[in-house]
Amino acid sequence: MKALASDMLIKIINLGSRTIAALKVNYLVAILIVLFALIHMPWITTPPIDEHNWRQTDTAAVARNFQFESSNIFLPRVDGRGQFSGITGMEFPAYNYILYIANSIFGYQHWHGRVITLIFGCLGLAFFYALIKRRYNIWVACISTFVIALTPLYFSFSKNIQPDILMLFLSIAGLYFTQRFSEKHQDKFFYTALACFSLAILIKVPAVFILLPAIYILKKEGLLKILDIKKMLSILLFLVAPVLGWYLWSDHLSKDYGMGNYFYGDISFAKSLALVATKGFWYRICDYILPIRFVFGPIYLLAFIGLLVSIVRKKYLPIVWLLSFVIFIAVFAIKSFYHNYYSLPLVPPVALMVGIALEWIYSNLKKDSKIIAKILIVVIVAGGTIVAFINAERVYKNRVDRSYSKLESIVDAVVPKNRLVITNANSNPVVLYFSNRKGWSLPNALLGENEIKTYIVAGAKYLIIDKSFSTTSQISELGTRYKNIYEDNTFVIFEL
């Protein structure tokens, strides 16, 4: 027993020593990640009422329904369910389930998902740094990680209650472990990479395109190492089968539980191809990655320099990585044009190109003047920090009225828990989520007398109106038909 305790103590001491040694070598990125987290802290308890509140509340609702309806991960449920059970097809709800577990342990809070996403955002930075450091050097890794941390898209979504940052973290981690496998061909790295890729693709289908840069990292020697029966069977069993199995199951849930394509919507390839051919499409994608304004314009120039340097040096990882997701953006243009989070996977390769360019510029300047080279670094760090704080304000300044946070208590006073309701948020489940009720979220055009009668037949008992989505005349007209049981400056509730 004493020998076992002694061994455990030695292992803990060794682990601590290795951790301290790693922090000494990588202290710059450690400081960066800590600052990245701290900048998000002042607003971390904000409920999901900011940008993409429709997607955030949908995600949080699935987690809440795991907690209070059914914890079966294979039967995820949404709030905007109409008269149905809410069970519907969607991406594998791993993120929702992590949120459900956190809520079960700490008690339900609207903002817990923000903390979870921020943790994955920080892990994504750490694994990105580790990957680039192994393939390039510590300076390219530091600069590239600094760029990705300050990129508005990555910064913004690292606090959103959505699975996209988790998917991106797993994709980057998968590339890191692929890199480790390509160096010594140790099985533990192969299987860890396989698990990361499988879970990433289950969480969000776009992650499948990360396999292209993974193949590039493996090169011929690495590919030959995985062409044995055991590893090929593992790929089939732990990557192909789970992904195909889940999305076939998801299709079954969509078709057989009455919800239709609730999450997937229109994925017409013809419409995507038509959209890709327009100049405005690519302008918008560029604006998603980095707003095309004075502050961010030079970064595209640096990315182009990084592209040229990569070609000259014959190090094509950032190019393969970028092109793989450009293909995705183009093939699914009908989605990527309207939802900026589909552009998130483009951020790491762009950041890497910028890092390569800045390291190249610094190295060349240092040959002539170390002072000028150091001034460049100081300017970049200072400018980046200023941009970070400006971006933090931009991300949170458009917060929706916090009256949403009070909506559940308002509704509880006049609407029984198990009653179906109609809301007027035009497919946005935000009112359903914050009222903690199930039912329909309709456009104002469907709030006519005849239309509402059909929903009453389907089981609707109350109508919750968010005044910001409606007009005074429409609310007055509804008041002539239905009993007004509550009204304040933001909401009106009618009994049907």
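Residues numbered from 1 in each chain as written. Predicted model: local features only at pLDDT ≥ 70, side-chain atom pairs only at ≥ 80, totals over all residues. Heavy atoms only, no water.

(A) Layout of the overall build of the protein. Check the secondary structure of the protein and you find 22 helices and five strands. Classification of the 496 residues of the protein by burial places 52% in the buried group. For the protein, restricting intrachain contacts to residue pairs at least 6 apart in sequence, the fraction spanning at least 24 positions comes to 73%. (Helix = DSSP H or I, 4+ residues; strand = E, 2+ residues; numbered from the N terminus. Buried < 20%, exposed > 50% of the residue type's maximum accessible area, 1.4 Å probe, protein only. Contact = heavy atoms within 4.5 Å.)

(B) Structural view of the environment of Cys122. Here Cys122 lies in helix α5 (residues 112-135). For the pair Cys122 and Val34, spaced 88 residues apart in sequence, the C-alpha to C-alpha distance is 8.2 Å. Not counting residues within four places of it along the chain, the set of residues in contact with Cys122 comprises Ile33, Phe36 and Ala37.

(C) Spotlight on the pattern of salt bridges. Across all of its chains, the model carries 19 salt bridges by this definition. Between Lys159 and Asp50 there is a salt bridge, with its nearest N and O atoms 2.3 Å apart. In this pair, Lys159 sits in the loop between α7 (152-157) and α8 (164-184) while Asp50 sits in the loop between α2 (27-40) and α3 (53-68), placing the two residues 109 residues apart along the sequence. For Asp50, a relative accessible area of 3% translates into the label buried. (Salt bridge = Lys/Arg side-chain N within 4 Å of Asp/Glu carboxyl O.)

(D) Structural detail: the side chain of Asn53. The residue Asn53 is located in helix α3 in this model. Here the side chain of Asn53 touches Asn428 through a polar contact of 2.9 Å, side chain to side chain. (Polar contact = N/O pair within 3.5 Å; in protein donor to acceptor, adjacent residues only side chain to side chain.)

(E) Seen up close, the environment of Tyr129. Counting through the fold element by element, Tyr129 comes out in helix α5. With 100 residues separating them along the chain, Tyr129 and Val29 place their C-alpha atoms 7.6 Å apart. Not counting chain neighbours up to four residues away, the residues in contact with Tyr129 comprise Asn26, Val29, Ile138, Ala141, Cys142 and Thr145.

(F) Highlighting the pairing of strand β5 (residues 491-495). By the criterion of burial, β5 is predominantly enclosed, with four of the five residues buried. Examined bridge by bridge, strand β4 (residues 483-487) and β5 share four bridges and lie antiparallel to one another. Looking at β5, one finds that Tyr486 is bridged to Ile493. Between the end of β4 and the start of β5, which pair antiparallel, lie three residues. (Pairing = 2+ DSSP bridges.)

(G) A look at the sheet that holds β5. Taken together, five strands build an open sheet; the order of strands is β2-β1-β3-β5-β4 and the sheet is mixed. Each edge of the sheet is formed by a strand with only one pairing partner; in this case those strands are β2 (439-441) and β4. Put simply, the sheet's adjacent strands are angled 20° from each other on average, direction ignored. Pairing of strand β3 (residues 460-466) with β5, which is carried by five bridges, proceeds in the antiparallel orientation. Note on β5: the bridge partner recorded for Ile465 is Val492. Contacting β1 (420-423), β2 and β3, helix α21 (residues 449-458) crosses the sheet at an angle of about 130° to β3. Where helix α22 (residues 472-481) meets the sheet, its contacts fall on β3 and β5, and the angle it forms with β5 comes to roughly 25°. (Axes fitted to C-alpha atoms, helices over the stretch in contact; angles between N-to-C directions.)

(H) Local environment of the nonpolar core. One finds Tyr154 and Trp321 to be the most contacted residues of the largest nonpolar core, which totals 134 residues. Per-element tally for this core: the top contributor is α8, with twelve residues. When near neighbours in sequence (up to four residues on either side) are disregarded, Trp321 contacts Phe128, Leu131, Ile172, Leu175, Ile210, Pro213, Pro345, Pro348 and Pro349. (Core = buried A, V, L, I, M, F, W, Y, C linked by side-chain atoms within 4.5 Å.)

(I) Quick peek at the packing of aromatic side chains. Summed over the entire model, instances satisfying the criterion amount to 29 aromatic pairs. Seen in terms of ring centroids, Phe127 and Phe177 are 5.8 Å apart; in terms of plane orientation they differ by 55°. Their pairing is tilted. With Phe127 in helix α5 and Phe177 in helix α8, this residue pair connects regions lying 50 residues apart in the sequence. On the numbers, 5.2 Å between centres and 35° between planes, the contact of Tyr341 with Tyr342 is tilted. Among the residues examined, Tyr341 registers a relative accessible area of 4% and is labelled buried. (Phe/Tyr/Trp six-rings, centres within 6.5 Å; stacked < 30°, edge-to-face > 60°.)

(J) Representation of the packing of α3 against helix α4 (residues 94-106). Between α3 and α4, whose axes approach to 8 Å, the crossing angle comes to 55°. Taken together, the axes of α3 and α4 are oblique relative to one another. α3 and α4 meet at a crossing whose hand is right-handed. Residues Thr59, Ala60, Val62, Ala63, Phe66 and Gln67 of α3 form the contact with α4, whose own contacting residues are Tyr95, Asn96, Tyr97, Leu99, Tyr100, Asn103 and Ser104. (Parallel < 35°, antiparallel > 145°, perpendicular 65-115°, else oblique. Left-handed = near helix turned anticlockwise from the far one by under 90°.)

(K) Layout of a nonpolar patch on the surface. Residues Tyr27, Leu28, Ile31, Val34, Leu35, Leu38, Met41 and Trp139 make up a contiguous nonpolar surface patch of roughly 780 Å² in combined accessible area. Among the elements that make up the nonpolar patch, the one with the highest residue count is α2 (six residues). Turning to its location among the elements, Tyr27 is positioned in helix α2. (Patch = residues over 30% accessible without salt bridge, like charges linked within 9 Å, V, L, I, M, F, W, Y side chains within 5 Å. Areas by Shrake-Rupley, 256 points an atom, 1.4 Å probe, with all protein chains shown as cover.)

(L) Seen up close, the packing of α4 against α5. Put simply, α4 and α5 touch, their axes get as near as 10 Å, and they point 125° apart. One finds that α4 runs oblique with respect to α5. Judged by the sense of rotation from one axis to the other, the crossing of α4 with α5 is right-handed. Seen from α4, the contacting residues are Tyr95, Ile98, Leu99, Ala102, Asn103 and Phe106; seen from α5, they are His112, Gly113, Ile116, Thr117 and Phe120.

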